[in-house]
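What follows is each chain in one-letter form.
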Amino acid sequence: MTAYAYIATTEGLREAVTQLRAADVVSLDTEFARFSTYYPMVGLIQIYDGEHCYLIDPLAVDDLTPLVALLEDTAVLKVLHACSEDMEVFQYALGTIPSPVFDTQIASAALGVGFSVGYQSLVEHYLGITLPKDETRSDWLQRPLSDNQLEYAALDVIHLLQVYEKQAAELADSPKSSWIEAEAKDLGRDIPTITPVEEAYKRVKGLWQLDRKQLNVLRTLCAWRENRAREDNVPRNRVVDQKSLFAIAKGNLNSKQALQTAAKMTPRQVRKYSDEILFLQAEARLVPEKDCPPAVTRPDAPIDNKLMKKLKNVVEARAEDLNVAPELLTKRRHLEKLIRSEDDNGRYHLPAELSGWRESAVGSALLSALTE
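Residues numbered from 1 in each chain as written. Predicted model: local features only at pLDDT ≥ 70, side-chain atom pairs only at ≥ 80, totals over all residues. Heavy atoms only, no water.

**With respect to the layout of surface pockets**
Right, so step 1: Quantified by volume, the largest pocket comes out at close to 890 Å³.
Right, so step 2: Considering the residues around the largest pocket, the lining is formed by 26 residues, among which Glu183, Asp186, Leu187, Lys331 and Arg333 are closest to the centre.
Right, so step 3: Of all the secondary-structure elements, those providing two or more residues to the lining of the largest pocket are helix H3 (84–94), helix H4 (104–110), helix H14 (326–329) and helix H15 (332–340).
Right, so step 4: By residue class, the composition of the lining of the largest pocket is 10 nonpolar, 5 polar and 11 charged. (1 Å grid on protein atoms, 1.4 Å probe; cavity = no way out; pocket = protein on both sides within 12 Å on 5 of 7 lines; lining within 4 Å. Points joined across faces, edges and corners; volume = space filled by probe spheres on them. Helix = DSSP H or I, 4+ residues; strand = E, 2+ residues; numbered from the N terminus. Nonpolar A, V, L, I, M, F, W, Y, C, P; charged D, E, K, R; others polar.)

What follows is the structure in structure tokens.
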């Protein structure tokens, strides 16, 4: 059996945090559920400092705020794996996110192991250990947690710190360390559950199909849906499907019958929300065009496939030279942005996504290829 301390009281948590803050590096993970809720419901928090492993029960501990001191302690590096969802968990449960952070998935891409490598594959690669998959889909909100669940959770962070140590050794004196650090700083941004509701409509595809007044209707309805989902703690599509909101905005649907037939809302949704939706969309259409969101331009500029292939070859070559996963350097949509950035003088301009460390790693080479 793996040695760990199960923390179920606030006093026990305070003592654990005091111990953990004495370390330079800790590994950190969460187990959570999101069966039918808007917010992630945390079932367990695991932390390991290389000697002490703590399994913190957020359903038993009355006050989790002592953890904030550790998460915000800039003297303690927090190691996580593929941590975007963990960031959301901490933001919801504690109102903060860990910093500074080292993400072993990002590091694996920078070290040429692969892009979006799963945790089990990473442990097998670095430690030669094959992890059991039995508990990956466990119910972490059940109580009591089984011995197998607790063993799995403890080993999760123990192996994670061991993987970090291997990666840190590979990264010693490498410029890639700063790349990973820069990428980690973006991990706590754009958390969907705290994004301003007025921005929710920007995630909808096909905005170029709507005029400014229709965009205002969509913005209004998406903000309303976001507020509803947050207040009731239910998934967004439980309120109304995104495609339905788009259809309402585009089609000027102004009757309950149209909401059901044209917008494909369910009978339950029509009964529960139609009055609000009809009122909000009618109000939104009265807003003067000058006060509506700006029109979205369709990216109609054709992409030269030969030019795209040329840029992809540059990315592949740079990735091979640097021994990194090519997907870490750039994505196709960023290359499309670059191709479309040509100005009247025939000059190309790097998009924001290719600035920072990527400019020297691949951006300059891409610009050179475009000007040949």
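Anyway, onward from the coordinates.
**Here we look at the side chain of Asp29**
Right, so step 1: The residue Asp29 is located in strand S2 (residues 25–33) in this model.
Right, so step 2: One buried charged residue, Asp29, remains without a salt bridge, the closest side chain of opposite sign being Arg34 at 13 Å.
Right, so step 3: Setting aside residues no more than four positions away along its own chain, Asp29 makes contact with Leu44, Ile45, Gln46, Asp86, Asp156 and Val157. (Buried < 20%, exposed > 50% of the residue type's maximum accessible area, 1.4 Å probe, protein only. Lys, Arg positive; Asp, Glu negative; His and termini not counted. Salt bridge = Lys/Arg side-chain N within 4 Å of Asp/Glu carboxyl O. Contact = heavy atoms within 4.5 Å.)

**Focus on helix H10 (residues 242–251)**
Right, so step 1: Looking only at H10, the buried set comprises Ser244, Leu245, Phe246, Ile248 and Ala249.
Right, so step 2: Contacts from the buried residues of H10 go to helix H8 (212–232), helix H11 (256–261) and helix H12 (267–285).
Right, so step 3: Where H10 starts, the residue carrying a side-chain oxygen 2.9 Å from the main-chain nitrogen of Lys243 turns out to be Asp241.
Right, so step 4: Asn252 sits one or two residues past H10 and shows a positive phi near 55 degrees. (Polar contact = N/O pair within 3.5 Å; in protein donor to acceptor, adjacent residues only side chain to side chain.)

**Let's talk about the side chain of Asp103**
Right, so step 1: Inspection of the secondary structure assignment puts Asp103 in strand S6 (residues 101–103).
Right, so step 2: Buried and unpaired, Asp103 has Arg358 as its nearest opposite-charge partner, separated by 12 Å.
Right, so step 3: At 3.1 Å, the side chain of Asp103 forms a polar contact with the backbone nitrogen of Cys83.
Right, so step 4: Aside from chain neighbours lying at most four places away, what touches Asp103 is Leu80, His81, Ala82, Cys83 and Leu187.

**Some remarks on a positive patch on the surface**
Right, so step 1: Taken together, the side chains of Arg238, Arg268, Arg271 and Lys272 define a basic patch exposed on the protein surface.
Right, so step 2: Of all the elements, H12 adds the most residues to the positive patch, at 3 residues.
Right, so step 3: Relative to the elements of secondary structure, Arg271 occurs in helix H12. (Patch = residues over 30% accessible without salt bridge, like charges linked within 9 Å, V, L, I, M, F, W, Y side chains within 5 Å. Areas by Shrake-Rupley, 256 points an atom, 1.4 Å probe, with all protein chains shown as cover. Charge placed at Lys NZ, Arg CZ, Asp CG, Glu CD.)

**Quick word on the packing of helix H13 (residues 305–322) against H15**
Right, so step 1: Contact geometry of H13 with H15 gives a least axis separation of 11 Å together with a crossing angle of 125 degrees. Here H13 is positioned oblique relative to H15, judged by the angle of their axes. In the packing of H13 onto H15, the handedness of the crossing is right-handed. Contacts from Leu307, Met308, Leu311, Lys312 and Val315 in H13 reach Arg332, Leu335, Glu336, Leu338 and Ile339 in H15.
Right, so step 2: Of the residues contributing to the contact of H13 with H15, the split by class is 7 nonpolar, no polar and 3 charged. (Axes fitted to C-alpha atoms, helices over the stretch in contact; angles between N-to-C directions. Parallel < 35°, antiparallel > 145°, perpendicular 65-115°, else oblique. Left-handed = near helix turned anticlockwise from the far one by under 90°.)

**Remarks on the packing of aromatic side chains**
Right, so step 1: What the rule picks out here adds up to 6 aromatic pairs.
Right, so step 2: Ring centres of Tyr38 and Tyr39 lie 4.8 Å apart, and the angle between their planes is 80 degrees; on these two criteria the pair is classed as edge-to-face.
Right, so step 3: Using a relative accessible area of 3% as the deciding quantity, one classes Tyr38 as buried.
Right, so step 4: Taken together, a centroid distance of 5.4 Å and an interplanar angle of 80 degrees make the contact between Trp224 and Tyr273 edge-to-face. Placement of Trp224 in helix H8 and of Tyr273 in helix H12 is noted, with a sequence separation of 49 residues between them.
Right, so step 5: For Trp224, a relative accessible area of 10% translates into the label buried. (Phe/Tyr/Trp six-rings, centres within 6.5 Å; stacked < 30°, edge-to-face > 60°.)

**Regarding the state of the cysteines**
Right, so step 1: Evaluated as defined, the whole model comprises 0 disulfides.
Right, so step 2: In this structure Cys83 is not part of a disulfide, and its nearest cysteine sulfur, from Cys53, lies 19 Å away.
Right, so step 3: Given a relative accessible area of 1%, Cys83 falls into the buried group.
Right, so step 4: Between Cys222, a cysteine without a disulfide, and Cys292, which holds the nearest cysteine sulfur, the sulfur-to-sulfur distance is 15 Å.
Right, so step 5: On the basis of relative accessible area, Cys222 is assigned to the buried category, the value being 2%. (Disulfide = S-S within 2.5 Å.)

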